[in-house]
Amino acid sequence: MLAPSRVLIETPARAGGGNDRAELVWKAREAIAKGSRSFALASRLLDRNTRERVWLLYAWCRRCDDIADDQHLGGRMGESKAAEDKVQAIRVLTRRAFDGLPTADPAFDGFGMVAAEAGITRDMADDVIGGFALDATGWQPRSEGDMMRYCYHVAGAVGVMMAKVMGVPGEDFDTYDRACDLGLAFQIANIARDVVEDAAAGRCYLPQEWLAEKDLAPGAHARPENRFVLASIMPRLIGMMDTHVAAARLGAARLPFRQRWAILAAARIYAAIGHEVLARGQNAWDERVVIGKAAKLRHVAAAFREAVVNRPVAPHPMPVWTRSKLQPVKGW
């Protein structure tokens, strides 16, 4: 017989779902070490408290991405069946994490922990989940603005949460804008690097209007015979990336030294990915662009010098696509 409802014990709400924080941090560290070597290296430059919170946030982002794409730590995409159900599962687990209820998933429990510690809001998380929802519908960008709104959801909004984790005051809107710029730049680099891989999965994140200007059809743009023309789009894309990276440096200049160093190192490494795609031209997608360990260490050293000098130069003009233009109307 089922127990009478009057004797059922209600699960108490506790940040992290009642899990041990050290264990959640350890699992998050494992996730970032396997899922992103570049970001893992940059995170090691942070102070311990910030580093652990960044790991917890990253683990949630990585896990959401894996659930949405039926992957494991960013591996090959799985089947797209029931994509909208997967997004709904992400929403439910994230809601439980915010409520301090156990989710049976360390990444979501850890997110509940860092959200409580850093003041991450539900609206911030909803902005990120909105990107997975777009993918679930088979959405593709028609215009440059559409592409950048997608970049906001999947990366710019994460930059905003990273700024929150780093203790940026809520009223410092400009620094949050600059954190968003860095996320946008990261995603632009990802689009450039992964354009052929994305096409194989039936996705295209380049604006249809851009492709039409080159007489390329979405889906056909990544075929081997079209690589030369595809490569001709990269200067425009990487130029946008550079503008957002330069704007992000203005925000990094206001952070404590170790945070500034880590952000500048990550910015240099991801920008290097974009520039390597540009340099390879039509051969950029013959094999996945990666930045080797020695090159990463050189970027870390260069970022150290940049962080010490701390005199960033504003891009002229500043980015066209700003957080206020890209963020959903509800805001946060």
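Located above this text is the structure these notes cover.
A quick note: this is a predicted structure, and the numbers were derived from the prediction, not measured.

**Student:** Would you mind going over the overall build of the protein in detail, with residue names and values included?
**Tutor:** Check the secondary structure of the protein and you find 14 helices and zero strands. When the helices and strands of the protein are read in sequence order from the N terminus, they spell out α-α-α-α-α-α-α-α-α-α-α-α-α-α. In summary, the protein has a C-alpha radius of gyration of 20 Å against a globular reference of 20 Å for 332 residues, a match within 12%. Overall size of the protein, expressed as C-alpha extent along the three principal axes, is 70 × 50 × 40 Å. The buried share of the protein, reckoned over its 332 residues, is 53%. Within the protein, residue pairs in contact and separated by at least 24 positions form 74% of the contacts whose partners lie at least 6 positions apart. In the form shown here, the protein has an accessible surface area of approximately 15800 Å², with 52% of it arising from carbon and sulfur atoms.

**Student:** So what's going on with empty space enclosed by the protein? Which residues, and what values?
**Tutor:** In the structure shown here, the tally under the stated rule is one cavity of 30 Å³ or more. The space that makes up the largest cavity amounts to roughly 30 Å³. Ile191, Val195, Asp198, Arg203, Cys204, Tyr205, Leu206 and His221 are the residues that line the largest cavity. When the residues that make up the lining of the largest cavity are grouped by side-chain class, the tally is five nonpolar, one polar and two charged.

**Student:** Which residues make up the state of the cysteines, and what values go with them?
**Tutor:** Applying the stated criterion across every chain, the model contains zero disulfides. Between Cys204, a free cysteine, and Cys151, which holds the nearest cysteine sulfur, the sulfur-to-sulfur gap is 12 Å. Assessed through its relative accessible area of 3%, Cys204 is described here as buried.

**Student:** Report on helix H12 (residues 257-280), specifying residues and quantitative values.
**Tutor:** An ideal rise of 1.5 Å per residue puts 34 Å on 24 residues; H12 measures up with 34 Å between its terminal C-alpha atoms. Two residues or fewer past H12, Gly281 is found with a positive phi of approximately 60°.

**Student:** Any chance you could break down the pattern of salt bridges for me, citing the residues and the numbers?
**Tutor:** Under the defined criterion, the tally for this structure stands at 24 salt bridges. Between Asp66 and Arg62 there is a salt bridge, and its shortest N-O distance comes to 3.4 Å. Taken together, the residues Asp66 and Arg62, both in helix H3 (residues 48-69) and four residues apart, mark about one turn of the helix. Judged by relative accessible area, Asp66 falls into the buried class, the value being 5%. Classification of Arg62 as buried rests on a relative accessible area of 14%.

**Student:** Mind laying out the packing of H12 against helix H13 (residues 293-309), listing which residues take part and the relevant values?
**Tutor:** Helix packing geometry: the angle between the two helix axes and the distance between the axes. For the pair H12 and H13, interaxial distance at closest approach is 8 Å and the crossing angle is 135°. One element, H12, and the other, H13, form an angle in the oblique class. As H12 packs across H13, the resulting crossing turns out to be right-handed. On H13, the residues that touch Phe257, Arg260, Trp261, Leu264, Ala265, Arg268, Ile269 and Ala272 of H12 are Lys296, His299, Val300, Ala302, Ala303, Phe304, Glu306, Ala307 and Val308. Its residues assigned to classes, the contact of H12 with H13 comprises twelve nonpolar, one polar and four charged.

**Student:** Account for the nonpolar core, naming residues and giving values.
**Tutor:** Core analysis: the biggest nonpolar cluster contains 109 residues, and Leu57, Trp60, Ile120, Met148, Leu237 and Trp285 have the highest contact counts within it. Beyond its immediate chain neighbours, meaning those up to four positions away, Ile120 contacts Leu57, Phe98, Phe111, Val114, Ala115, Met161, Lys164 and Val165.

**Student:** With reference to specific residues and values, describe the environment of Val25.
**Tutor:** In this structure, Val25 sits in helix H1 (residues 21-35). With relative accessibility at 7%, the residue Val25 sits in the buried group. Distance in space between the C-alpha atoms of Val25 and Pro106 is 9.1 Å, their sequence separation being 81 residues.

Calculation rules
- Residues numbered from 1 in each chain as written.
- Predicted model: local features only at pLDDT ≥ 70, side-chain atom pairs only at ≥ 80, totals over all residues.
- Heavy atoms only, no water.
- Helix = DSSP H or I, 4+ residues; strand = E, 2+ residues; numbered from the N terminus.
- Rg over C-alpha atoms; globule rule 2.2 N^0.38 Å.
- Buried < 20%, exposed > 50% of the residue type's maximum accessible area, 1.4 Å probe, protein only.
- Contact = heavy atoms within 4.5 Å.
- Areas by Shrake-Rupley, 256 points an atom, 1.4 Å probe, with all protein chains shown as cover.
- 1 Å grid on protein atoms, 1.4 Å probe; cavity = no way out; pocket = protein on both sides within 12 Å on 5 of 7 lines; lining within 4 Å.
- Points joined across faces, edges and corners; volume = space filled by probe spheres on them.
- Nonpolar A, V, L, I, M, F, W, Y, C, P; charged D, E, K, R; others polar.
- Disulfide = S-S within 2.5 Å.
- Expected span 1.5 Å × (residues − 1).
- Salt bridge = Lys/Arg side-chain N within 4 Å of Asp/Glu carboxyl O.
- Axes fitted to C-alpha atoms, helices over the stretch in contact; angles between N-to-C directions.
- Parallel < 35°, antiparallel > 145°, perpendicular 65-115°, else oblique.
- Left-handed = near helix turned anticlockwise from the far one by under 90°.
- Core = buried A, V, L, I, M, F, W, Y, C linked by side-chain atoms within 4.5 Å.

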